[in-house]
Amino acid sequence: MKVVYMGTPEFAVLPLERISGRFEVGYAVTSQDKPRNRGKKLQFTPVKEKAIELGIEVLQPDKIKGNTEFINTLREYDPDVIVVAAYGKLLPKEILELPRFGCINIHASLLPRHRGAAPIQNSILMGDEKTGVTIMRMAEGLDTGNMILKAETETANKTSGMLHDELSAIGSELVVEVLDAMERGETINEEVQDESLSCYAPMIFKKDGEIDFTLSAEEIERKTRAFDPWPGAYTYLGEEQFKIWEADVIGEETDAAPGTVLSSDASGIRIAAGKGIISARIIQVPGRKRTPVSEYIKGNSIAAGTVLGKEN
């Protein structure tokens, strides 16, 4: 089985490793290197780093649609299948139709729910009890192709970082199962997605991490998990950014304005929400690591009545 693998972030690394251990991977296609940190030094994508380690040739086209040189390179290799995992670009029809077994995608949600760039974060934000991985046959639309295989897991109390690692491992197992079936010549059963059940999971930006305390305590708690490890759920204490990494929902109501600190002690900083109360347990201020509130309050104080948030 000749495979071309297309992926970019850390989520796509483990599947590449598993596939390359069982099949011939002729090329790893990934996004272009980007400058990182203050030095602006070009940094390899996680998939490129792993491909180099595995001895797989790397392709990094700046675009793929209409890229004759890139498409001819794939055509000359003549792959049986193209596997995609968080590559970052839609594939044009000429690539979708190139391999004998077509193109399949490892998508980190239970399609048709959460199509798009950030399915893991949005599954938490929307309060889904379960999420998972779908291996799908790729079509020209955004995550609209037929579903081949699924596996699910609970979302309860998990951060995006936790789910990211778990779903990457699940996807690695599922995609190898599908490729094995293809190689054996087995019939691949496919299920058409129900469009009425679809929803979109848009890309996450740093600004999305800012906490709106008019939301319910449950929604704010989900936000702390959804944006861990990036960009973090944050607010402002005066002019200083103040991140909340872990929090509890307190089943009480208050007449205080949303964002008002009600009290603080070793168990947490209790803050009024639009509905209910959120109690921050792990926080972070600029220049410091994540800190339990029990440690933070030993050298700092947040007076009851303080209103969190950026002043207009």
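Preceding this section is the structure that the text describes.
*Asks:* Please explain the sheet that holds strand E2 (residues 24-29) as it appears in this structure.
*Replies:* Sheet strands line up and pair through hydrogen bonds in the backbone, either parallel or antiparallel. One open sheet holds the seven strands; their spatial order is E5-E2-E1-E6-E7-E9-E10, and the pairing between them is mixed. Each edge of the open sheet carries a strand with a single partner, namely strand E5 (57-59) and strand E10 (147-154). With strand direction ignored, the average angle separating the axes of adjacent strands in the sheet is 20°. Note: strand E1 (residues 2-7) against E2, five bridges, orientation parallel. Each bridged residue has a counterpart across the sheet, and for Val4 the counterpart in E2 is Tyr27. With respect to the sheet, helix H3 (residues 68-77) is in contact with E1, E2, E5 and strand E6 (81-85), its orientation differing from that of E2 by roughly 175°.

*Asks:* Please clarify how H3 should be interpreted in this entry.
*Replies:* Note: α-helices contain 3.6 residues per turn, so residues at a spacing of three or four share the same orientation. Taken residue by residue, H3 has Phe70, Ile71, Leu74 and Tyr77 as its buried positions. Viewed along the axis of H3, the buried residues span an arc of 125°, placing them on a single side of the element. Facing away from the buried side of H3 by more than 90 degrees, the exposed set consists of Thr68, Glu69 and Glu76. Buried residues along H3 sit in contact with E1, E2, E5, E6 and helix H4 (93-96). Looking at the residues trailing H3, positive phi occurs at Asp78, about 60°.

*Asks:* I keep staring at the environment of Met126 and nothing clicks. Help me out?
*Replies:* Among the structural elements, Met126 can be located in the loop between helix H5 (119-125) and strand E9 (130-137). Apart from the residues within four sequence positions on either side, Met126 is in contact with Arg113, His114 and Arg222.

*Asks:* Which parts of the structure should I look at to understand the packing of helix H1 (residues 13-20) against helix H2 (residues 46-54)?
*Replies:* Relative placement of two packed helices is described by the angle separating their axes and the distance separating the axes. Their axes nearest at 9 Å, the elements H1 and H2 cross at an angle of 25°. What the angle tells us is that H1 and H2 run roughly parallel. For the element pair H1 and H2, the recorded crossing hand is right-handed. Across from Val13, Leu16, Glu17 and Ser20 in H1, the residues of H2 making contact are Pro46, Val47, Lys50, Ala51 and Leu54. When the residues that make up the contact of H1 with H2 are grouped by side-chain class, the tally is six nonpolar, one polar and two charged.

*Asks:* How do you make sense of H2 when you look at a structure like this?
*Replies:* Within H2 the residues assigned to the buried category are Val47, Lys48, Lys50 and Ala51. An end-on view of H2 places all buried positions within 165° of arc, on one side of the element. Against the buried residues of H2 lie E1, H1, E2 and E5. Phi turns positive, to about 75°, at Gly55, one or two residues after H2.

*Asks:* Looking at this structure, I do not really get a nonpolar patch on the surface. What am I missing?
*Replies:* Together, Leu90, Leu142 and Tyr200 give the surface a local cluster of nonpolar side chains, amounting to about 320 Å² of exposed area. On the basis of relative accessibility, which here comes to 37%, the residue Leu142 falls in the partly exposed class.

Rules used throughout
- Residues numbered from 1 in each chain as written.
- Predicted model: local features only at pLDDT ≥ 70, side-chain atom pairs only at ≥ 80, totals over all residues.
- Heavy atoms only, no water.
- Pairing = 2+ DSSP bridges.
- Helix = DSSP H or I, 4+ residues; strand = E, 2+ residues; numbered from the N terminus.
- Axes fitted to C-alpha atoms, helices over the stretch in contact; angles between N-to-C directions.
- Contact = heavy atoms within 4.5 Å.
- Buried < 20%, exposed > 50% of the residue type's maximum accessible area, 1.4 Å probe, protein only.
- Arc of directions from axis to C-beta.
- Parallel < 35°, antiparallel > 145°, perpendicular 65-115°, else oblique.
- Left-handed = near helix turned anticlockwise from the far one by under 90°.
- Nonpolar A, V, L, I, M, F, W, Y, C, P; charged D, E, K, R; others polar.
- Patch = residues over 30% accessible without salt bridge, like charges linked within 9 Å, V, L, I, M, F, W, Y side chains within 5 Å.
- Areas by Shrake-Rupley, 256 points an atom, 1.4 Å probe, with all protein chains shown as cover.
- Salt bridge = Lys/Arg side-chain N within 4 Å of Asp/Glu carboxyl O.

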